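Descriptive analysis of the structure
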Amino acid sequence: MGISRDSRHKRAHTGAKRAQYRKKRKFELGRQAANTKIGAKRIHTVRVRGGNIKFRALRLDTGNFSWGSEASTRKARIIRVVYNASNNELVRTNTLVKGAIIEIDAAPFRQWYESHYAIPIGRRAQKTGAEATAEDPLNKKRSNHVLRKIESRKEQSKVDQALADQFAAGRVLARISSRPGQSGRADGYILEGKELDFYVRRLKARKA
Amino acid sequence: MAEQTQKAFQSQIGIFQNPKLTGKKRTVRRWYKDVGLGFKTPREAIEGHYIDKKCPFTSDKVSIRGRILTGVVISVGKMERTIIIRREYLHYIPKYNRYEKRHKNLAAHMSPCFVGVEVGDVVTVGQCRPLSKTVRFNVLRVQKKIVKGAKSFAKF
């Protein structure tokens with residue numbers, strides 16, 4: 001352990017160099033960064049001050065992501081890191097940190113949407129014959145009560161075009177809002193609205 | 001918009017702008033609070049569009065507690081959203097029965113809701129948690145400098 005979080009080694013507000021008058025203390029310790037990557041789940045536990053435990057995620061492959069405007073949260077697979085405002089290196093190495101923009105698997109959300117609204121989202125136009133099975137959430141048999149509920153939800157089912165396009169590709173942009181190196185989880189929310197426009201523009205500018 | 005100047009999307013945390021809702025409603029939902037202690041929250045904080053996670057009026061993260069001090073602005077615009085204040089006081093020397101002038105400088109965070117603050121304005125700051133290495137205070141109220149002649153030809 002050589003990482004310390006003290007401010008005694010820094011210059012004072014006036015610019016004066018502070019003399020060292022004591023050694024490093026345990027309560028000002030710092031630990032190595034987790035640098036959580038994408039892969040089969042690997043989490044180490046750390047005993048911290050007070051006897052409490054932190055879960056240092058070293059590798060994660062799934063996270064709990066929420067679709068805000070639909071109030072639906074599902075566990076989804078993390079595919080890759082796409083943007084990081086702080087450091088491009090973290091994008092190159094696919095490191096999961098809080099605030100990173102990632103691509104997640106859209107399948108759980110599409111299944112939820114189709115069973116909730118009975119409207120296809122992001123579906124490729126052809127293949128009409130093969131899909132009409134009883135298992136398909138679009139076509140399965142529903143009771144009268146459920147059909148009436150679906151009718152009442154119809155006008156709220158509109159999804160933003162930018163988001164619907166992502167469903168067609170099977171990958172949705174999301175932002176990590178938990179701290180994987182502290183809690184051991186990579187949870188977050190799906191980007192929508194102005195935030196989605198912001199990051200889509202950034203990504204397009206980078207590709208160009 | 002004009003306030004998205006950083007690489008990450010700037011927004012008030014905890015305020016969800018539901019893209020489904022914006023039908024007839026106004027543009028963005030904005031959160032603001034009353035800092036207490038009789039300080040009026042500026043109109044620009046309520047109606048503005050800036051995002052500042054260290055603003056005492058529009059951020060849930062900083063609360064004003066502890067000391068409330070006043071001082072004169074001596075430096076503005078050199079640091080992002082931070083100003084330097086000078087506080088003068090008299091120190092008594094018992095041997096000579098007299099006073100000497102002393103001063104201390106103080107770095108304070110200034111929210112974008114205070115527009116047009118210049119050197120020489122008197123400012124009231126309130127103590128908050130450490131916001132950076134030297135900043136522990138947040139500007140709460142600005143009183144413009146009183147110009148004796150009242151014919152303010154300052155710039156132009």
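Anything mentioned here points back to the structure above.
Treat the numbers as computed from the prediction; the structure is a model and nothing was measured.

1. Some thoughts on the overall build of chain A
Scanning chain A from N- to C-terminus turns up 7 helices and 8 strands. Relative to the globule expectation of 17 Å for 208 residues, the C-alpha radius of gyration of chain A, 23 Å, shows a markedly less compact shape. On the principal axes, the C-alpha backbone points of chain A span a range of 80 × 45 × 30 Å. Classification of the 208 residues of chain A by burial places 36% in the buried group. Look at the contacts in chain A between residues 6 or more apart in sequence, and 54% of them connect residues 24 or more apart.

2. Concerning the sheet that holds strand β2 (residues 82–93) of chain B
With mixed pairing, 5 strands are arranged side by side around a closed barrel as β1-β2-β3-β5-β4 (chain B). Across the sheet, the mean angle separating the axes of adjacent strands is 50 degrees when strand polarity is ignored.

3. A closer look at helix α5 (residues 161–169) of chain A
All names here are of chain A. Of all the positions in α5, only L163, A164, Q166 and F167 are classed as buried. Down the axis, α5 shows its buried residues gathered within 155 degrees of arc, on one side only. Away from its buried face by more than 90 degrees, α5 exposes A168 and A169. Where the residues of α5 are buried, they touch β4 (62–67), α2 (107–117), β7 (171–176), β8 (188–190) and α7 (193–207).

4. Here we look at the nonpolar core
Grouped together as the largest cluster of nonpolar side chains are 36 residues, with contacts concentrated most on A:W67, A:I102 and A:I104. For this core, the secondary-structure elements that each account for two or more residues are β3 (53–60), β4, β5 (72–83), β6 (101–105), α2, α5, β7 and α7 of chain A. By residue number, the principal contributor to this core is β5(A), which donates 5 residues. Setting aside anything within four residues of it in sequence, one finds A:I102 in contact with A:F65, A:I78, A:R80, A:V81, A:V82, A:L96, A:V172, A:L173, A:A174 and A:I176. Counting residues in hydrophobic clusters, the runner-up holds 28 residues, among them B:I83, B:F114, B:F137 and B:V139.

5. Looking at the pattern of salt bridges
Side-chain pairing between opposite charges can occur once the charged atoms of the two side chains come close. The final tally for this structure, using the stated rule, is 14 salt bridges over all chains. Residues A:E28 and A:R8 are paired through a salt bridge, measuring 2.5 Å at the closest nitrogen-oxygen approach. Taken as a pair, A:E28 in the segment before β1 (37–38) and A:R8 in the segment before β1 lie far apart in primary sequence, 20 residues in all. B:D121 is the partner of B:K144 in a salt bridge, and the nearest nitrogen-oxygen pair spans 3.3 Å. Pair noted here: B:K144 is in the segment after β5 (137–143) and B:D121 is in the loop between β3 (98–109) and β4 (122–127), with a separation of 23 residues, a long-range link.

6. Things to note about the sheet that holds β3(A)
All names here are of chain A. Read from one edge to the other, the open sheet built from 3 strands follows the order β1-β3-β2, with strand pairing classed as mixed. The outermost strands of the open sheet, each flanked by one partner alone, are β1 and β2 (42–47). Sheet analysis places β1 next to β3, joined by 2 bridges and oriented parallel. Residue pairing in the sheet places K37 in a bridge with R59 of β3.

7. Overview of the interface of chain B and chain A
Contact with chain B, which involves 12 residues of that partner, is made by 20 residues of chain A. For the chain B and chain A pair, buried surface summed over both sides reaches about 1,400 Å², with 61% attributable to carbon and sulfur atoms. Considering only the side of chain B, the residues that lose the most area to chain A are B:K7, B:F9 and B:K20, jointly responsible for 45% of the buried surface there. Counting the contacts that link chain B with chain A gives 0 salt bridges. Our enumeration of links across chain B and chain A arrives at 3 residue pairs in polar contact (both at pLDDT 80 or more).

8. Quick notes on a positive patch on the surface
A surface patch of like charges, here positive, comprises A:K98, A:R179, B:K53, B:K61, B:R65 and B:R129. Among the secondary structure elements, B:R65 is positioned in the loop between α1 (43–47) and β1 (68–79).

9. Brief notes about unusual backbone geometry
Non-glycine residue A:A71 carries a positive phi angle of around 55 degrees. Despite not being glycine, B:N97 has its phi angle at roughly 60 degrees, a positive value. Relative to the helices and strands, B:N97 resides in the loop between β2 and β3.

10. As for the packing of aromatic side chains
Using the criterion set out here, one finds 11 aromatic pairs over all chains in the structure. When the centroid spacing of 6.2 Å and the interplanar angle of 65 degrees are considered together, the rings of B:F57 and B:F114 count as edge-to-face. Of the two residues, B:F57 sits in the loop between α1 and β1 while B:F114 sits in the loop between β3 and β4, which places them 57 residues apart along the sequence. Across the pair, exposure class does not vary: B:F57 and B:F114 are buried alike. An aromatic cluster of at least three residues, connected via ring pairs, comprises A:W67, A:F109, A:W112, A:Y113, A:Y117 and A:F167.

Scoring rules and cut-offs
- Residues numbered from 1 in each chain as written.
- Chains lettered and ligands numbered in written order.
- Predicted model: local features only at pLDDT ≥ 70, side-chain atom pairs only at ≥ 80, totals over all residues.
- Heavy atoms only, no water.
- Helix = DSSP H or I, 4+ residues; strand = E, 2+ residues; numbered from the N terminus.
- Rg over C-alpha atoms; globule rule 2.2 N^0.38 Å.
- Buried < 20%, exposed > 50% of the residue type's maximum accessible area, 1.4 Å probe, protein only.
- Contact = heavy atoms within 4.5 Å.
- Pairing = 2+ DSSP bridges.
- Axes fitted to C-alpha atoms, helices over the stretch in contact; angles between N-to-C directions.
- Arc of directions from axis to C-beta.
- Core = buried A, V, L, I, M, F, W, Y, C linked by side-chain atoms within 4.5 Å.
- Salt bridge = Lys/Arg side-chain N within 4 Å of Asp/Glu carboxyl O.
- Buried area = accessible area lost by both parts, 1.4 Å probe.
- Polar contact = N/O pair within 3.5 Å; in protein donor to acceptor, adjacent residues only side chain to side chain.
- Patch = residues over 30% accessible without salt bridge, like charges linked within 9 Å, V, L, I, M, F, W, Y side chains within 5 Å.
- Areas by Shrake-Rupley, 256 points an atom, 1.4 Å probe, with all protein chains shown as cover.
- Lys, Arg positive; Asp, Glu negative; His and termini not counted.
- Charge placed at Lys NZ, Arg CZ, Asp CG, Glu CD.
- Phe/Tyr/Trp six-rings, centres within 6.5 Å; stacked < 30°, edge-to-face > 60°.

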